[in-house]
Amino acid sequence: MSKNTLLIDGNAVAYTINIAQCKDEKQFAKFFFSRLREYAKQFTCMPKALLFFDDKAGGNWREEFYPDYQKGRKEAKNKYTPVQLEESQKRSAYLNNLKQTLDTSKKYTYVHYPHTETDDLISLYCHNVQEENETVTILTTDKDLFQLIRQTGNRKVQVLFLIKRQLIKDESIGKTALEEKIWLGDHSDSIPSVCKNVGKVTYPDFRVFINKMQENDVDPTDSVQAKKVSESLGIKYTPSFSNFNKEQLSINKKLIDLSYVVELDAKQDNKKTNYLKE
């Protein structure tokens, strides 16, 4: 017998709420749970619901592995206007109060783990906890979670993308988004591109170029050989192609590909997976 499970990115839902319209933490919580009820209406019966929140106090593995991770966000906060700072502090206080309420909720299971991002826990659930004939729906505004979409086999995963109110089931969307982000980086998380000055327009040609260079075992930084390979492919040679940083590619894969989180947890005796199974 199949079952449905709802994995809710709590931070994503919370940030769809206009904090200026909330007079206090009770109204914020009211708006939050109203949103959840609205999103759940598409299900014929209320599925099992797990509500995930970040618990990054004191840092997380990405910051240890790559110190510049989300550096831009931290710098932006230091430049907040008084109004922005007040709204940020209110949101933080309201969220903390909401989490305390969730600890005693019978309808939603509140899920968090020290020094861990929501994405990581949701990934571990989909890889290690999801059962046979269980369909998982992830509620989020974060496109990084598209990479978890799975429609093959009997452990299906789909994403309800809250920004467009769109249910996404196409695995290829997630795979394409993952590949592009690994190679082009993620500006919002201060993760650079593997090749400076290569953007979405030149990305397709760049990938063909790099694949050919690797196939021929040629160093992409060799501009003379790079020009010859470009000509053989019918691609206009762009000097920036020779800026390919193989080391950054390896770093980006670990930071962005959520399957790496599964490897990390396995090395730590599956502590987070076991927590999710409790």
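About the criteria used
- Residues numbered from 1 in each chain as written.
- Predicted model: local features only at pLDDT ≥ 70, side-chain atom pairs only at ≥ 80, totals over all residues.
- Heavy atoms only, no water.
- Helix = DSSP H or I, 4+ residues; strand = E, 2+ residues; numbered from the N terminus.
- Polar contact = N/O pair within 3.5 Å; in protein donor to acceptor, adjacent residues only side chain to side chain.
- Contact = heavy atoms within 4.5 Å.
- 1 Å grid on protein atoms, 1.4 Å probe; cavity = no way out; pocket = protein on both sides within 12 Å on 5 of 7 lines; lining within 4 Å.
- Points joined across faces, edges and corners; volume = space filled by probe spheres on them.
- Nonpolar A, V, L, I, M, F, W, Y, C, P; charged D, E, K, R; others polar.
- Patch = residues over 30% accessible without salt bridge, like charges linked within 9 Å, V, L, I, M, F, W, Y side chains within 5 Å.
- Areas by Shrake-Rupley, 256 points an atom, 1.4 Å probe, with all protein chains shown as cover.
- Salt bridge = Lys/Arg side-chain N within 4 Å of Asp/Glu carboxyl O.
- Lys, Arg positive; Asp, Glu negative; His and termini not counted.
- Charge placed at Lys NZ, Arg CZ, Asp CG, Glu CD.
- Phe/Tyr/Trp six-rings, centres within 6.5 Å; stacked < 30°, edge-to-face > 60°.
- Buried < 20%, exposed > 50% of the residue type's maximum accessible area, 1.4 Å probe, protein only.
- Lys NZ or Arg CZ within 6 Å of the ring centre and 35° of its normal.
- Pairing = 2+ DSSP bridges.

### Considerations on the side chain of Gln-130
Point 1. Tracing the chain through its elements places Gln-130 in the loop between helix H6 (118-129) and strand S4 (134-140).
Point 2. Looking at Gln-130, its side chain comes within polar contact range of the main-chain oxygen of Lys-156, at 2.9 Å.
Point 3. In contact with Gln-130, not counting residues within four places along its chain, are Tyr-125, Thr-135, Val-136, Arg-150, Arg-155, Lys-156 and Val-157.

### A word on the layout of surface pockets
Point 1. Within this model, the largest pocket holds a volume of roughly 1400 Å³.
Point 2. Contributing to the lining of the largest pocket are 45 residues, with Asn-11, Tyr-15, Asp-54, Lys-56 and Arg-73 lying nearest its centre.
Point 3. Residue classes in the lining of the largest pocket are distributed as twelve nonpolar, 13 polar and 20 charged.
Point 4. Computed from the structure, the second largest pocket encloses a volume of approximately 390 Å³.
Point 5. For the second largest pocket, the lining is made up of 19 residues, of which Lys-143, Ala-177, Glu-180, Lys-181 and Lys-200 are closest to its centre.
Point 6. Secondary structure elements with two or more residues in the lining of the second largest pocket: strand S6 (166-168) and helix H7 (171-184).
Point 7. A total of eight residues in the lining of the second largest pocket trace back to one element, the largest contributor, which is H7.
Point 8. Its residues assigned to classes, the lining of the second largest pocket shows eight nonpolar, five polar and six charged.

### Remarks on a positive patch on the surface
Point 1. Residues Lys-23, Lys-30, Arg-37, Lys-41 and Lys-107 make up a contiguous surface patch of positive charge.
Point 2. Among the structural elements, Lys-107 can be located in the loop between helix H5 (82-102) and strand S3 (109-111).

### Section: the packing of aromatic side chains
Point 1. The tally for this structure, following the rule as stated, stands at 14 aromatic pairs.
Point 2. With 5.8 Å between their ring centres and 75° between their planes, Trp-183 and Phe-206 make a pair best called edge-to-face. Here the residue Trp-183 occupies a position in helix H7, and Phe-206 occupies one in helix H8 (residues 203-215), the gap between them amounting to 23 residues. Here the two residues Trp-183 and Phe-206 agree in accessibility, since each one is buried.
Point 3. It is Arg-91 that lies over the ring of Tyr-15; its NZ or CZ is 4.6 Å from the centre.

### Description of the pairing of strand S1 (residues 3-9)
Looking down a regular strand, the side chains alternate between one sheet face and the other.
Point 1. When you tally the buried positions in S1, you get five out of seven residues, the bulk of the element.
Point 2. Relative to S4, S1 is paired through six bridges, and the arrangement is parallel. Along S4, the bridge assignment pairs Asn-4 with Thr-135.
Point 3. The sheet contact formed by S1 and strand S2 (residues 48-52) spans five bridges and is parallel. Among the inter-strand pairings, Thr-5 is bridged to a residue of S2, identified as Lys-48.

Bear in mind that shape data such as this cannot, by itself, settle questions of function.
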